[in-house]
Amino acid sequence: MGMRERASWTRARLGRAGPPLDLLTAHFDRHTYAPHAHDEFTVGVTVGGSEVIAYRGGHIHSYPGSIVVLEPGEMHTGGPAAGDGYAYQALYADPALLADGTLGGPPHFRDPVLHDPELAAALRAAHTDISAHPDPLEAESRLPWLLTALAHRHSTARAAGDTVPGAGHIARTVRDRLADELLDPPSLAALATDLGLSRYQLLRSFRTTMGVPPYAWLAQHRVARARRLLESGLRPAEVAGLVGFADQAHLTRWFRRVLGVTPAAYRNSVQDTAG
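I will try to describe carefully the structure that is included in this document. (Residues numbered from 1 in each chain as written. Predicted model: local features only at pLDDT ≥ 70, side-chain atom pairs only at ≥ 80, totals over all residues. Heavy atoms only, no water.)

Attention shifts here to the overall build of the protein chain. Looking only at helices and strands, the protein chain features 10 helices and 12 strands. Taken over the C-alpha atoms alone, the protein chain extends approximately 70 × 50 × 30 Å along its principal axes. Contacts in the protein chain between residues at least 24 apart in sequence constitute 70% of all its contacts with a sequence separation of at least 6. Of the roughly 12,800 Å² of accessible surface on the protein chain, 52% is carried by carbon and sulfur atoms. When the 27 positive and 28 negative side-chain charges of the protein chain are each reduced to one mean point, those points stand 5 Å apart. (Helix = DSSP H or I, 4+ residues; strand = E, 2+ residues; numbered from the N terminus. Contact = heavy atoms within 4.5 Å. Areas by Shrake-Rupley, 256 points an atom, 1.4 Å probe, with all protein chains shown as cover. Lys, Arg positive; Asp, Glu negative; His and termini not counted. Charge placed at Lys NZ, Arg CZ, Asp CG, Glu CD.)

Closest axis-to-axis distance for the helix H4 (residues 167–180)/helix H7 (residues 214–231) pair is 10 Å, and the angle between their directions is 50 degrees. Put simply, H4 runs oblique to H7. Regarding H4 and H7, the two cross each other, and that crossing is right-handed. Contacts from Arg175, Leu178 and Ala179 of H4 reach H7 at Pro214, Trp217, Leu218 and His221. (Axes fitted to C-alpha atoms, helices over the stretch in contact; angles between N-to-C directions. Parallel < 35°, antiparallel > 145°, perpendicular 65-115°, else oblique. Left-handed = near helix turned anticlockwise from the far one by under 90°.)

Looking now at the packing of aromatic side chains. The tally for this structure, following the rule as stated, stands at eight aromatic pairs. Taken together, the ring pairs in this structure connect Phe28, Tyr33, Tyr86 and Tyr88 into an aromatic cluster. Its guanidinium or amino end placed over the ring of phenylalanine 245, arginine 222 lies 5.7 Å from that ring's centre, counting from NZ or CZ. When the ring centre of tryptophan 254 is taken as origin, the NZ or CZ atom of arginine 257, which lies over that ring, is 4.5 Å away. (Phe/Tyr/Trp six-rings, centres within 6.5 Å; stacked < 30°, edge-to-face > 60°. Lys NZ or Arg CZ within 6 Å of the ring centre and 35° of its normal.)

Here the structure, examined in full by the defined rule, presents 14 salt bridges. Across the pair glutamate 238 and arginine 235 runs a salt bridge whose closest N-O atoms are separated by 3.7 Å. Relative accessible area serves as the criterion here: at 31%, glutamate 238 is assigned to the partly exposed category. Here the salt bridges share partners, and the residues they tie into one network are Arg16, Arg177, Glu181, Asp184 and Asp194. (Salt bridge = Lys/Arg side-chain N within 4 Å of Asp/Glu carboxyl O. Buried < 20%, exposed > 50% of the residue type's maximum accessible area, 1.4 Å probe, protein only.)

Turning to the nonpolar core, a few remarks are in order. Within the largest apolar cluster, 33 residues are counted, with the highest numbers of intra-cluster contacts made by Val174, Phe245, Leu251, Trp254 and Phe255. Those elements that place two or more of their residues in this core are helix H3 (136–154), H4, helix H5 (188–194), helix H6 (199–210), H7, helix H8 (236–242) and helix H9 (248–259). By residue number, the principal contributor to this core is H7, which donates eight residues. Sequence-distant contacts of phenylalanine 245, that is, excluding residues within four places in its chain, are made with Ala219, Arg222, Val223, Ala240, His250, Leu251 and Trp254. Within the second largest apolar cluster, 26 residues are counted, among which are Ile67, Val69, Leu91 and Phe109. (Core = buried A, V, L, I, M, F, W, Y, C linked by side-chain atoms within 4.5 Å.)

Time to look at unusual backbone geometry. For alanine 17, which is not a glycine, the phi torsion comes out positive at approximately 60 degrees. Along the polypeptide, alanine 17 turns up in the loop between strand S1 (6–13) and strand S2 (20–28). Despite not being glycine, arginine 56 has its phi angle at roughly 55 degrees, a positive value. Here arginine 56 is to be found in the loop between strand S5 (51–55) and strand S6 (58–62).

The values reported here are purely geometric and, on their own, carry no functional implication.
This is how it looks when you write it as structure tokens:
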């Protein structure tokens, strides 16, 4: 294989002890896939070059920004459409993930190549973040939501009703559970079952009420807890594990997003003030 023939797989879990979902990041100059099919939906975003795919008796082409959706059981190939190769990010989703929030069973996509810049950007961002750090709550908060949006916007399936009675109460119940179990948060699927909801209904209720998805709310709650521990004199490396972040880098990323400074810089400034 050439120097630019590369592919990396990441396995994320959808919630604590939840089912796996595989993510692929690939760049191929020459590689062409043999005919094959998947049990899952393949949802990919082309990020460079162009790809030609034999699919449903013809050939489809993707270009940077294209979303490609290949349905379960459909034989297909994939290879470079031109000399500059192709690069893409893909995920392999159980059909039930795309059926959540829709009516009438697994959705059907008449057109396998979609132009939706907003959704393509959101899929890329989620794929990149979760591949770098496959946090179960983040994966479960972001990926099923985007897959439902994909089905709503581009498949033949009808959207289920978006209004969830008692959304505020549902969101506060989920918030309190996440806060109580911030070191090892429960899966959203389990919380939804406890509340007699689908995961999509839970996500819809939470996002509508709180303005952010559950993983982002919990990350901000962890940052608030981390601030107090840093003010008490603990070091960032100690604090990360005490508030549920995977490591110091994970803490730093969110601390900067929320407060604009690193945990170390914050600790130094409050220690200086205290002195």
